[in-house]
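# Secondary and tertiary structure notes
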Amino acid sequence: AELGSDAPGGACPACALRGALSPETGDGTAVGGSPNALSSSGTKVHYFGDYELMEEVGRGGMGVVYRARQVSLNRDVALKMILAGRLASETEVKRFVHEARAAANLQHPNIVAVHEVNVHDGQHYYSMDLIEGRNLEELVRQQPLPALEAAEYVSIIADAIHFAHEHGTLHRDLKPTNILIDIFNQPR
């Protein structure tokens, strides 16, 4: 696509993000400035601060989510980064941080817990529980849900959303792809 003369470094936001998150910066360091290491399988390990990035698990209009290992606590988490990376506008950063803080203040069994909101090397991120399972859209694409199961999901989701509303939080992007069904068959 044609870029305006004000494009930072002559790159579009997507290319700039890829550059910012590239496995190597050209000087042999990994994302976040940590040296690359070889895993037991011989593949390079990519670090972002205290996190080892394992794979991308989701992408939306505002962010990208990775499965990551938090090295200091030896636990798997979901790590969401602002999609525009270092090129994010002040408005995008405020919205991203507001989203993370709003979710972090909600303690409910069907709302994904947020653990950390931070900035590393100019890249805004937050970590949260890693939910193993599928999203609701993937689940119903295979076949319609039985009526009782669908009703149970709707009831649980409505209860979680009601809880968020009672605590002053409005989910502005509620859709089947943003509802995860965990390994215990619970919507999150």
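Residue positions are given per chain, counted from 1 along the sequence in the order it is written. pLDDT decides what is reported in this predicted model: residues at 70 or higher carry local features, side-chain atom pairs at 80 or more are listed and counted, and totals for whole chains, interfaces and linings draw on all residues regardless. The basis for every side-chain value is the complete set of heavy atoms in the structure, and neither hydrogens nor water enter the calculation.

Let us look at the overall build of the chain. For helices the rule is a DSSP run of H or I covering at least 4 residues; for strands it is a run of E covering at least 2, with both sets numbered from the N terminus onward. Summing up its helical and strand segments, the chain has 4 helices and 9 strands in all. Taken from N to C terminus, the helices and strands of the chain fall in the order α-β-β-β-β-β-α-β-β-β-α-α-β. For the chain, with 188 residues in total, the buried portion stands at 35%. Of the contacts formed within the chain by residues at least 6 apart in sequence, a portion of 45% connects residues at least 24 apart. As displayed, the chain offers around 11,200 Å² of accessible surface, 53% of which is attributable to carbon and sulfur atoms. Accessibility here uses a 1.4 Å probe with only protein chains present; expressed as a share of the type maximum, an area under 20% marks a residue as buried, one over 50% as exposed, and anything in between as partly exposed. Only heavy atoms enter the contact rule, under which two residues are in contact if any of them lie within 4.5 Å. For the accessible areas, the method is Shrake-Rupley and the probe is 1.4 Å, while residue cover comes only from the protein chains on display.

Attention now goes to the environment of Thr169. Along the chain, the position of Thr169 falls in the loop between helix H4 (147–166) and strand E9 (180–182). Considering only alpha carbons, one finds Thr169 and Asn105, 64 residues apart in sequence, at a separation of 9.2 Å.

Attention shifts here to H4. A rise of 1.5 Å per residue sets the reference length of H4, with its 20 residues, at 28 Å; its end C-alpha atoms lie 28 Å apart and thus fit the reference within 8%. Listed in full, the buried residues belonging to H4 are Tyr153, Ile157, Ala160, Ile161, Phe163 and Ala164. Each buried residue of H4 lies within a common arc of 155 degrees when the element is viewed along its axis, so the set occupies one face. Residues of H4 that are exposed and point over 90 degrees away from its buried face: Ala147, Leu148, Val154 and Glu166. Multiplying 1.5 Å by the helix residue count minus one yields the expected span of that helix. As used here, the arc is the angular range of directions from the helix axis to the C-beta atoms.

Buried residues dominate strand E4 (residues 63–70), accounting for 7 of its 8 residues. For two strands to pair, DSSP has to find at least two bridges joining them. In the sheet, strand E3 (residues 51–59) pairs with E4 via 7 bridges, with the strands oriented antiparallel. Each bridged residue has a counterpart across the sheet, and for Tyr51 the counterpart in E4 is Gln70. Hairpin connection between E3 and E4: a loop of 3 residues separates the two successive antiparallel strands. Here 8 bridges tie E4 to strand E5 (residues 75–82), and the two strands are oriented antiparallel to one another. Considered in E5, the bridge of Gln70 is made with Arg75. Connecting the antiparallel pair E4 and E5 is a turn made up of 4 residues, with Asn74 showing a positive phi of about 50 degrees.

Any pair of Phe, Tyr and Trp rings, taking the six-membered ring for Trp, is counted once the centres come within 6.5 Å. Such a pair is stacked with planes under 30 degrees apart, edge-to-face with planes over 60 apart, and tilted for the rest. Evaluated as defined, the whole model comprises 3 aromatic pairs. Residues Tyr51 and Tyr125 carry aromatic rings whose centres are separated by 5.8 Å and whose planes lie at 75 degrees to one another, so their mutual orientation is edge-to-face. Residue Tyr51 is found in strand E3, and its partner Tyr125 is found in strand E7 (residues 123–129); the two are separated by 74 residues along the sequence. An aromatic cluster of at least three residues, connected via ring pairs, comprises Phe48, Tyr51 and Tyr125.

Here we come to the pattern of salt bridges. Salt bridges are defined by distance alone: a side-chain nitrogen of Lys or Arg within 4 Å of a carboxyl oxygen of Asp or Glu. Under the counting rule described, the total for this entry stands at 10 salt bridges. In this structure, the salt-bridge partner of Glu90 is Lys94, at a minimum N-O distance of 3.2 Å. Placement of both Glu90 and Lys94 in helix H2 (residues 90–104) is noted, with a separation of 4 residues, approximately one turn of the helix. On the basis of relative accessible area, Lys94 is assigned to the exposed category, the value being 54%. With a closest N to O distance of 3.6 Å, Asp129 and Arg188 form a salt bridge. Here Asp129 is found in strand E7, whereas its partner Arg188 is found in the segment after E9, with 59 residues between them in sequence. We classify Asp129 as partly exposed; its relative accessible area is 24%. A single network of salt bridges, built from pairs that share partners, joins Glu55, Arg67 and Glu132.

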